[in-house]
Amino acid sequence: MIIRRPHPKSKLKKTNRKFISKLRSLSYVKEDLETSMYSDDFHQTIFICPLDRHIEPLIKKVEFVLKVLESKRELVGVSVQQMPLRRLHSQLNCDAAIYPLLKCMSSIINRPIHPQIIEGIECQAFNYGLDQLTTEEFETIQTNLNGLLPLDHSTVILYEQAINQFISHIRYFMNKPEIKRKLYDRASSCNRMKDQCSALVQSLIKQHSKILVIRLDFYLIHQSSTLLKKSHVLQEIHSKHDLEYLKGCVKRFLRMKRNHPLMKEIIGHIFRYEYT
């Protein structure tokens, strides 16, 4: 909410737009999703809980794809050392950025996605990479890293080849012209909305000299027993009508500007709807 403040006019300073990486943006999203709030008429409690079983695999898919795209080199390799008695000691060398995700690859792949969830471009790239693998490669990339024995040279090599093939398919998908166009349109849409928000604030500053920007978080109250979001059915956590209901509440809230004494001081607003 943006409220008038009667202060002398101040000169506007132009600032250069600062960009943050997609991985940094994703980390902010994870922090928001891991924070839940529960309150009644008297008390308010903030819970820090793990990602729910529907969102966690999606976030990890996106994180894996973004880390693959961030690096242009091979992320997985094998170093071989000659041991006594002509034995080979094979060591899998994984990039530190993707090693934690490789350790839980099986759970990421096998976690079912609810049909009501529409997966984004990065998730589509992850799924495309899986679809292009052979049955043997698909089973191999689900191998527990702790189960790769250094003396089992053939298994280590097979795992390294399967993972690099998977990464290659992801990069190929993300480099398709039609996918690049979708990514460009998505980024343009986000930048356009950001510019519109900035233009609104700048115009209000010009008109009212100084303004006070207040952030308000509105949310639907859910039962405390479902805050950990471990339910097996998505409807037990969120109704598909939640967003529609929220938008109706916002419309009623804005209609209060006509007669509520506090609301009359509001000269502008920016709303964003989030999954929490």
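Residues numbered from 1 in each chain as written. Predicted model: local features only at pLDDT ≥ 70, side-chain atom pairs only at ≥ 80, totals over all residues. Heavy atoms only, no water.

**Brief notes about the confidence of the model for the chain**
Thought 1: Across the chain, the average pLDDT comes to 79, with 78% of residues at or above 70.
Thought 2: When pLDDT is averaged over each helix and strand of the chain, the minimum, 57, is found for strand β1 (residues 2-5) and the maximum, 94, for helix α5 (residues 121-131).
Thought 3: For residues 7-19, every residue scores under 50 in pLDDT, and the model assigns this stretch 15 contacts once sequence neighbours within four places are set aside.
Thought 4: A low-confidence stretch, residues 226-237 (pLDDT under 50), is modelled with 32 contacts involving residues beyond four sequence positions or located in other chains. (pLDDT = per-residue confidence, 0-100. Helix = DSSP H or I, 4+ residues; strand = E, 2+ residues; numbered from the N terminus. Contact = heavy atoms within 4.5 Å.)

**Digging into the side chain of His169**
Thought 1: As for its placement among the helices and strands, His169 is situated in helix α7 (residues 153-174).
Thought 2: Not counting residues up to four positions away in its chain, the partners in contact with His169 are Tyr128, Gly129, Gln132 and Leu133.

**Quick notes on the pattern of salt bridges**
Thought 1: One pass over the full model with this rule turns up 7 salt bridges.
Thought 2: For the salt bridge of Lys60 with Glu56, the shortest nitrogen-to-oxygen distance reads 3.2 Å. Of the two residues, Lys60 and Glu56 are both situated in helix α2 (residues 56-70); the distance of 4 residues between them amounts to about one turn of the helix.
Thought 3: The class of Glu56 is partly exposed, set by a relative accessible area of 23%.
Thought 4: Ionic pairing is found between Arg186 and Glu122, a salt bridge with its closest N-O pair at 2.8 Å. In this pair, Arg186 is assigned in helix α8 (residues 177-208) and Glu122 in helix α5, connecting sequence segments 64 residues apart. (Salt bridge = Lys/Arg side-chain N within 4 Å of Asp/Glu carboxyl O. Buried < 20%, exposed > 50% of the residue type's maximum accessible area, 1.4 Å probe, protein only.)

**Notes on the nonpolar core**
Thought 1: Ranked by internal contacts, the top residues of the largest apolar core, which has 32 residues, are Phe64, Leu102, Phe126, Phe166, Ile170 and Met174.
Thought 2: Of all the elements in the fold, those that place two or more residues in this core are α2, α3 (99-103), α4 (105-110), α5, α7 and α8.
Thought 3: Not counting the four nearest positions on each side in its chain, Ile170 is found in contact with Phe64, Val65, Val68, Ala125, Phe126 and Gly129. (Core = buried A, V, L, I, M, F, W, Y, C linked by side-chain atoms within 4.5 Å.)

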